[in-house]
Amino acid sequence: MPYAAHKLRRMRIEVNGEAREVAQGATVASLLDTLGLGQGPVAVERNLEIAPRAEHATTPLAEGDKLEVVHFVGGG
């Protein structure tokens, strides 16, 4: 399969209870970037296990993954 065709393949995941489609080969980090949460303090649970922040860039997403993403907002 040509690289360009592979790039267009999508997979279904669930984020905070909502169905989403992401590109095949997406990582936790790329998902957070898509959600606009790549730089802030965030906690990610993937399939009932915490995904350590240090591993977000190297943790691939897979068809059917269920993620819970919690971002923290400061205030006073």
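Residues numbered from 1 in each chain as written. Predicted model: local features only at pLDDT ≥ 70, side-chain atom pairs only at ≥ 80, totals over all residues. Heavy atoms only, no water.

## A short note on the sheet that holds strand β2 (residues 18–23)
(1) Moving on: Spatial strand order, β2-β1-β5-β3-β4: five strands in an open sheet with mixed pairing. Both outer strands of the open sheet, β2 and β4 (49–50), are each paired with one neighbouring strand and no more.
(2) Moving on: Note: strand β1 (residues 10–15) against strand β5 (residues 66–71), two bridges, orientation parallel. Residue pairing for β5: Val15 is matched across the bridge by Leu67. (Pairing = 2+ DSSP bridges. Helix = DSSP H or I, 4+ residues; strand = E, 2+ residues; numbered from the N terminus.)

## Re the environment of Leu61
(1) Moving on: Structurally, the position occupied by Leu61 is in the loop between β4 and β5.
(2) Moving on: We classify Leu61 as buried; its relative accessible area is 6%.
(3) Moving on: Sequence separation between Leu61 and Ala29 is 32 residues, and the spatial gap between their C-alpha atoms is 9.7 Å.
(4) Moving on: Filtering out sequence-adjacent residues up to four positions away, Leu61 remains in contact with Met11, Ile13, Val22, Ala26, Thr27, Val28, Leu31, Arg46 and Leu67. (Buried < 20%, exposed > 50% of the residue type's maximum accessible area, 1.4 Å probe, protein only. Contact = heavy atoms within 4.5 Å.)

## Looking at the pairing of strand β3 (residues 42–46)
(1) Moving on: Note: β3 against β5, five bridges, orientation antiparallel. Directly across from Val44, in β5, lies its bridge partner Val69.
(2) Moving on: In the sheet, β3 pairs with β4 via two bridges, with the strands oriented antiparallel. Counterpart to Arg46 in the pairing with β4 is Glu49.

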